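Here's the letter readout for the chains.
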Amino acid sequence: MSTPVRTLSEIDDHAVRLLVREMGPADAARFINQLTAGSGDYTEERKELFKDLTVEDIVRQIEERTRGEM
């Protein structure tokens with residue numbers, strides 16, 4: 001018995017259907033999102049994003065957001 005060779009597109013479609021069926025659409029999308037490669041230079045973007053903040057500023061913002069979620 002031989003198994004037909006499927007294209008990568010067919011394999012991707014099948015995998016997505018399985019994930020959605022087993023995990024639900026939201027969790028399947030979140031899982032797929034973490035596997036996809038991003039674009040750009042994260043190191044440079046991070047330097048620009050946080051250039052005017054100290055570590056203490058960032059910690060304070062995290063703590064404020066964490067308190068707001070409770």
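Our structure is the block above this text.
About the thresholds
- Residues numbered from 1 in each chain as written.
- Predicted model: local features only at pLDDT ≥ 70, side-chain atom pairs only at ≥ 80, totals over all residues.
- Heavy atoms only, no water.
- Axes fitted to C-alpha atoms, helices over the stretch in contact; angles between N-to-C directions.
- Helix = DSSP H or I, 4+ residues; strand = E, 2+ residues; numbered from the N terminus.
- Parallel < 35°, antiparallel > 145°, perpendicular 65-115°, else oblique.
- Left-handed = near helix turned anticlockwise from the far one by under 90°.
- Contact = heavy atoms within 4.5 Å.
- Nonpolar A, V, L, I, M, F, W, Y, C, P; charged D, E, K, R; others polar.
- Buried < 20%, exposed > 50% of the residue type's maximum accessible area, 1.4 Å probe, protein only.
- Polar contact = N/O pair within 3.5 Å; in protein donor to acceptor, adjacent residues only side chain to side chain.

Caption draft 1: Seen up close, the packing of helix α1 (residues 8-23) against helix α2 (residues 25-35). Packing of α1 against α2 leaves a shortest axis separation of 7 Å and a crossing angle of 130 degrees. The angle between α1 and α2 places the two elements in the oblique class. Between α1 and α2 the crossing geometry is right-handed. Contacts between α1 and α2 involve Val16, Leu19, Val20 and Met23 from the former and Pro25, Asp27, Ala28, Phe31 and Ile32 from the latter. Class assignment for the residues of the contact of α1 with α2 results in eight nonpolar, no polar and one charged.

Caption draft 2: Structural view of the side chain of aspartate 57. On the secondary structure map, aspartate 57 appears in helix α4 (residues 55-69). Residue classification places aspartate 57 among the buried positions, given a relative accessible area of 18%. Within the structure, aspartate 57 has its side chain in polar contact with the side chain of arginine 60 (distance 3.2 Å).

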